[in-house]
Amino acid sequence: MSARDSLLHRRVFVLPAGNLEEAGSVSGDVRRELTAMGVEQDIIRRAGVVCFEGEMNIAMYSQGGRIILLVADDRVELLFSDRGPGIPDIELARTPGYSTAPDWAREMGFGAGMGIPNMERQSDRLEIRSRLDGGTVIRAVFKRGAE
Ligand SMILES: Nc1ncnc2c1ncn2[C@@H]1O[C@H](COP(=O)(O)OP(=O)(O)OP(=O)(O)O)[C@@H](O)[C@H]1O
Ligand SMILES: [Mg+2]
């Protein structure tokens, strides 16, 4: 996002690894901030879902990372980045039903393999980049004023 995109708001949320008790809290903060900024209800709902899924995946599969919320005149963006281990096959990870969730996570109700497909459905654009050992970066874009 460049300066001429008229950035209105930027917030960084740090996510420690394996912090499942707190996972989900960023999604609540994002919803509250978007509400306070007067962002469209539909985007608040969709960004909340996308944030929750991305946040859960960082907590469950990565060694920690961060989420950046950007609000501009014309869009909202969520940028997820983590410290690895990376996603070996992104196409596979995008496939509904694919999951490597461990048993303990399945017992908690996770592991349907629907997180990333949900992120794709609820955002206007979802880009995933990942490097083994490097980590994963996901960019979700929500276009404003499109309704
Ligand atoms: N940040 C990440 N780092 C490494 N691997 C990931 C990351 N996010 C997702 N994955 C991999 O992609 C798979 C699919 O993720 P997705 O969120 O779609 O499903 P899930 O987390 O397994 O189940 P659900 O989200 O439905 O509870 C995961 O099982 C995991 O193998
Ligand atoms: Mg998931």
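Structure shown above.
Throughout what follows, the structure given in this document is the object of discussion. Small disclaimer: the values here were computed from a predicted structure and weren't measured. (Residues numbered from 1 in each chain as written. Chains lettered and ligands numbered in written order. Predicted model: local features only at pLDDT ≥ 70, side-chain atom pairs only at ≥ 80, totals over all residues. Heavy atoms only, no water.)

1. Some remarks on the site of ligand 1
Piece 1. In the vicinity of ligand 1 lie 20 residues, with Asn 57, Tyr 61, Ser 99, Thr 100 and Gly 111 positioned nearest.
Piece 2. When ligand 1 is considered free in solution it has 600 Å² of accessible area, and contact with the protein chains removes 93% of it.
Piece 3. Mapped onto the shell around ligand 1, the elements with two or more residues apiece are helix H2 (41-61) and helix H5 (115-122).
Piece 4. A breakdown of the residues in the shell around ligand 1 according to their chemical character gives 10 nonpolar, 8 polar and 2 charged. (Near = heavy atom within 4 Å. Areas by Shrake-Rupley, 256 points an atom, 1.4 Å probe, with all protein chains shown as cover. Helix = DSSP H or I, 4+ residues; strand = E, 2+ residues; numbered from the N terminus. Nonpolar A, V, L, I, M, F, W, Y, C, P; charged D, E, K, R; others polar.)

2. Here's the deal with the sheet that holds strand S4 (residues 125-131)
Piece 1. Strand order across the open sheet formed by 5 strands is S1-S2-S3-S5-S4, with antiparallel pairing between neighbours. The outermost strands of the open sheet, each flanked by one partner alone, are strand S1 (7-15) and S4. Along the sheet, successive strands turn relative to each other by an average axial angle of 10 degrees, direction set aside.
Piece 2. Across 7 bridges, the pairing between S4 and strand S5 (residues 135-143) is antiparallel. Paired with Ile 128 across the bridge in S5 is Ile 138.
Piece 3. Contacts from helix H1 (residues 25-36) reach S1, strand S2 (65-72) and strand S3 (75-82), with the element oriented near 165 degrees to S1.
Piece 4. Along the sheet face, H5 touches S3, S4 and S5 and points at about 140 degrees away from the line of S4. (Pairing = 2+ DSSP bridges. Axes fitted to C-alpha atoms, helices over the stretch in contact; angles between N-to-C directions. Contact = heavy atoms within 4.5 Å.)

3. Side note on the side chain of Ser 27
Piece 1. Position of Ser 27 among the secondary structure elements: in helix H1.
Piece 2. Residue Ser 27 is classed as buried on the basis of its relative accessible area of 7%.
Piece 3. A distance of 2.9 Å separates a polar atom in the side chain of Ser 27 from the backbone oxygen of Gly 48.
Piece 4. If sequence neighbours within four positions are ignored, Ser 27 has contacts with Gly 48, Cys 51, Phe 52 and Glu 55. (Buried < 20%, exposed > 50% of the residue type's maximum accessible area, 1.4 Å probe, protein only. Polar contact = N/O pair within 3.5 Å; in protein donor to acceptor, adjacent residues only side chain to side chain.)

4. Some details on H5
Piece 1. Burial analysis of H5 places 6 of its 8 residues in the buried class, the great majority of the element.
Piece 2. On the buried face of H5, the contacting elements are H2, S3, helix H3 (90-94), S4 and S5.

5. Examining H1
Piece 1. Helix length check: H1 (12 residues) gives 17 Å between terminal C-alpha atoms against 16 Å at 1.5 Å per residue, within 8%.
Piece 2. Every buried residue of H1 is listed here: Val 26, Ser 27, Val 30, Glu 33 and Leu 34. Projected onto a plane normal to the axis of H1, the buried residues spread over an arc of 130 degrees and lie on a single side. Away from the buried face of H1 by more than 90 degrees, exposed residues Arg 32 and Ala 36 are located.
Piece 3. Positive phi appears at Gly 38, one or two residues downstream of H1, with a value of about 75 degrees. (Expected span 1.5 Å × (residues − 1). Arc of directions from axis to C-beta.)

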